[in-house]
Amino acid sequence: MMPRPLLAVEDLQIHYATRDGTVRAVDGATFAVPEGRIVGLVGESGCGKTTAVRAIMGVLAENGRRAGGRVCFRDRPIDAGSTRALLWREIAYVPQSAMSSLDPVYTVGAQIEEVLRKRGGASRAAAKARAAELFELVGLSDRRLVDYPHQFSGGMRQRAAIAMALALEPSLLLADEPVTALDVIVQRQILDMLRTLQQRLKLSMVMVTHDISVVAYLCDEVVVMYAGQVVESGPVREVLGRPRHPYTMGLRNAFPDLLSDAMALVPIHGGPPDLRETLTGCRFAPRCPFVQPACTAGALAADVTDDHLTTCRRSAEADTLRTAALDPGTWQRV
Ligand SMILES: Nc1ncnc2c1ncn2[C@@H]1O[C@H](COP(=O)(O)OP(=O)(O)OP(=O)(O)O)[C@@H](O)[C@H]1O
Ligand SMILES: [Mg+2]
């Protein structure tokens with residue numbers, strides 16, 4: 001049994017208005033974050049991960065708007081207005097570039113203390129003490145509180161951004177690509193730290209990443225996005241162990257394992273579609289080695305078996321397709 005969802009995203013649609021038309025960056029995404037779990041949101045660049053997370057936080061770019069769908073936190077619907085009250089206290093966000101959550105002209109300590117005092121109502125002394133505690137929590141020495149962001153390494157900056165996000169003891173942390181620019185050793189240190197924090201603070205977490213090996217290493221659940229839609233989701237062991245969507249099968253071949261430098265990587269040729277176009281059928285079809293004529297027509301239908309969702313029409317044949325997907329030759333044809 002899945003714990004009850006802390007966050008539920010239903011049929012979310014996010015549109016950006018541009019001079020060349022409407023970009024449907026998130027186009028009907030549904031997923032949930034169960035209490036106390038780490039959910040990986042994974043997919044290639046441009047598939048709508050950041051947009052989805054920013055929409056949940058109510059901090060979309062100015063030309064973006066929610067065109068449909070619902071976001072519920074603890075069973076209550078939230079919108080751009082009501083997220084304000086939840087921000088930091090209940091739901092905290094580490095943006096895609098840690099640099100953008102840290103101001104270069106103030107010391108890191110001063111910034112964390114500011115959050116604690118302005119948003120948390122802490123006294124100056126309490127904020128100072130709590131900032132030191134938060135630094136210790138993320139594995140930084142409190143002597144570094146007096147440093148400026150540029151004096152930190154990339155990994156330290158991520159830790160500081162995470163410390164700041166945790167300042168007001170949120171129950172949900174949304175972290176957007178927190179380890180992407182870091183080397184593999186530092187990546188693992190940060191992921192291990194996040195896992196420890198999640199257990200110690202009983203946090204729920206959304207981990208945004210384009211790297212499926214990060215999901216395999218850290219997450220309990222995974223939501224695979226493609227071109228603004230969720231194409232597969234479920235428990236990590238199930239989805240990554242026995243993927244039912246060819247896109248997930250392809251992603252699995254395209255990333256090195258975080259724990260071993262094994263196997264040759266097989267890329268998925270081509271790229272995602274233009275999200276300004278009207279798209280029908282399966283959006284992965286043009287790149288899919290298993291495409292059939294029916295795949296490109298009609299609406300997508302989700303098949304859910306044992307908490308494992310896929311939108312592939314051929315999911316009944318998943319075992320056969322999965323075997324074929326392990327052969328690099330399968331992916332050369334497309
Ligand atoms: N402010 C904006 N105006 C117009 N289009 C946008 C805007 N922000 C994002 N997009 C488009 O929306 C789509 C989704 O972008 P988003 O940043 O959410 O993707 P992502 O999955 O986070 O990618 P990445 O892995 O590169 O961070 C892309 O096609 C992107 O070009
Ligand atoms: Mg992004």
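Owing to the predicted nature of the structure, the values given are computational and were not obtained by experimental measurement. (Residues numbered from 1 in each chain as written. Chains lettered and ligands numbered in written order. Predicted model: local features only at pLDDT ≥ 70, side-chain atom pairs only at ≥ 80, totals over all residues. Heavy atoms only, no water.)

### Quick look at the overall build of the protein chain
Counted only if it meets this: Each helix is a run of H or I in the DSSP string that is no shorter than four residues. Each strand is a run of E no shorter than two, and both are numbered from the N terminus. With the radius of gyration taken over C-alpha atoms, the globule rule is written as 2.2 Å times the number of residues to the power 0.38. Any two residues whose heavy atoms approach within 4.5 Å are treated as being in contact. Using the Shrake-Rupley algorithm and a 1.4 Å probe, accessible areas are obtained, with residue cover drawn only from the displayed protein chains. In this tally Asp and Glu are treated as negative and Lys and Arg as positive; neither His nor the chain ends contributes. Every charge is mapped to an atom, namely NZ of Lys, CZ of Arg, CG of Asp or CD of Glu.
Secondary structure assignment for the protein chain yields 11 helices and 12 strands. A globule of 334 residues ought to have a C-alpha radius of gyration of about 20 Å, and the protein chain, at 20 Å, matches this closely. Dimensions of the protein chain, computed from the C-alpha atoms along their principal axes, are close to 65 × 45 × 45 Å. Restricting the contact set of the protein chain to residue pairs at least 6 apart, pairs at least 24 apart contribute 68%. When the accessible surface of the protein chain is totalled, it reaches about 15,300 Å², and 52% of it is carbon and sulfur. Seen as two clouds, the 38 positive and the 37 negative side-chain charges of the protein chain have centres 4 Å apart.

### Concerning helix α4 (residues 124–137)
Think of an α-helix as turning once every 3.6 residues; residues three or four places apart then point the same way. Selection rule: Any helix carries an expected span of 1.5 Å times its number of residues minus one. Relative accessibility thresholds used throughout: buried, under 20% of the residue-type maximum; exposed, over 50%; partly exposed, between the two (1.4 Å probe, protein chains only). Starting at the helix axis, one direction is taken to each C-beta atom, and the arc is that of these directions.
An ideal rise of 1.5 Å per residue puts 20 Å on 14 residues; α4 measures up with 20 Å between its terminal C-alpha atoms. Looking only at α4, the buried set comprises Ala127, Arg130, Ala131, Leu134, Phe135 and Leu137. Along the axis of α4, the buried positions cluster into a sector of 150 degrees, meaning they face one direction only. Turned more than 90 degrees away from the buried face of α4, the exposed residues are Ala125, Lys128 and Glu136. With its phi angle positive at about 80 degrees, glycine 139 sits one or two positions after the end of α4.

### A look at the coordination of the magnesium ion (ligand 2)
Keep this limit in mind: Only nitrogen, oxygen and sulfur atoms qualify as donors, and only when within 2.8 Å of the metal (3.2 Å in the case of Na, K and Ca); with water excluded, sites may look incomplete.
Thr50 (OG1) and Gln96 (OE1) make up the full set of protein donors to the magnesium ion (ligand 2), lying at 1.9 to 2.3 Å. With threonine 50 in helix α1 (residues 49–57) and glutamine 96 in the loop between β6 (91–94) and α3 (108–119), the pair connects residues that are 46 residues apart, well separated along the chain. A relative accessible area of 42% places glutamine 96 in the partly exposed class.

### Quick word on the site of ligand 1
Note the cut-off: We call a residue near a molecule or strand whenever a single non-hydrogen atom of that residue lies within 4 Å of it. Contacts described as polar in this section are N or O atom pairs within 3.5 Å, which, within protein, must combine one atom able to donate a hydrogen with one able to accept it, while residues neighboring in sequence count only if both atoms come from side chains. Under the scheme applied here, ten amino acids are nonpolar (Ala, Val, Leu, Ile, Met, Phe, Trp, Tyr, Cys and Pro), four are charged (Asp, Glu, Lys and Arg), and all others, including Gly, are polar.
Ligand 1 sits among 17 residues. The nearest are Ser45, Gly46, Lys49, Thr50 and Thr51. Between threonine 50 and ligand 1, the recorded distance is 2.8 Å, taken from a side-chain N or O atom to an oxygen atom. Here asparagine 63 contributes a side-chain N or O atom positioned 2.9 Å from a nitrogen atom of ligand 1. Its free accessible area being 640 Å², ligand 1 has 69% of it covered by the protein chains. Where the shell around ligand 1 is concerned, the elements lending two or more residues are β1 (5–18), β2 (21–34) and α1. Classifying every residue of the shell around ligand 1 by side-chain character gives 6 nonpolar, 8 polar and 3 charged.

### Concerning the packing of α3 against α4
For the record, the criterion: To obtain an axis, a line is fitted to C-alpha atoms, over the contacting stretch when the element is a helix, and the angle between two such axes runs from 0 to 180 degrees between their N-to-C directions. Here is the rule for angles: anything less than 35 degrees is roughly parallel, anything more than 145 is roughly antiparallel, 65 through 115 is roughly perpendicular, and the remaining ranges are oblique. For any pair of crossing helices, the crossing counts as left-handed if the nearer helix is rotated counterclockwise from the farther one by less than a right angle, and right-handed if it is rotated clockwise.
Put simply, α3 and α4 touch, their axes get as near as 9 Å, and they point 120 degrees apart. With respect to α4, the element α3 is oriented oblique. Judged by the twist between their axes, the crossing of α3 over α4 is right-handed. Residue-level inspection shows Val108, Ile112, Glu113, Leu116 and Arg117 of α3 in contact with α4, the latter providing Arg124, Ala127, Lys128, Arg130, Ala131, Leu134 and Phe135.

### Considering helix α9 (residues 246–254)
Counting buried residues in α9 gives 7 out of 9 residues, a clear majority hidden from the surface. Residues of α9 that are buried: Pro246, Tyr247, Thr248, Met249, Gly250, Leu251 and Asn253. Next to the buried residues of α9 lie α7 (212–218), β9 (221–226), β10 (229–235), α8 (236–241), α10 (318–325) and α11 (328–332).

### A word on the environment of arginine 244
Looking at the secondary structure, you find arginine 244 in the loop between α8 and α9. Look at arginine 244 and you get buried, because its relative accessible area is 10%. A sequence separation of 72 residues divides arginine 244 from alanine 316, and the C-alpha atoms of the two residues are 8.4 Å apart. The residues touching arginine 244, leaving out its near neighbours within four places in the chain, are Glu232, Glu238, Met249, Asp303, Thr305, His308, Thr310, Cys312, Ser315 and Ala318.

Keep in mind these values describe shape, not function.
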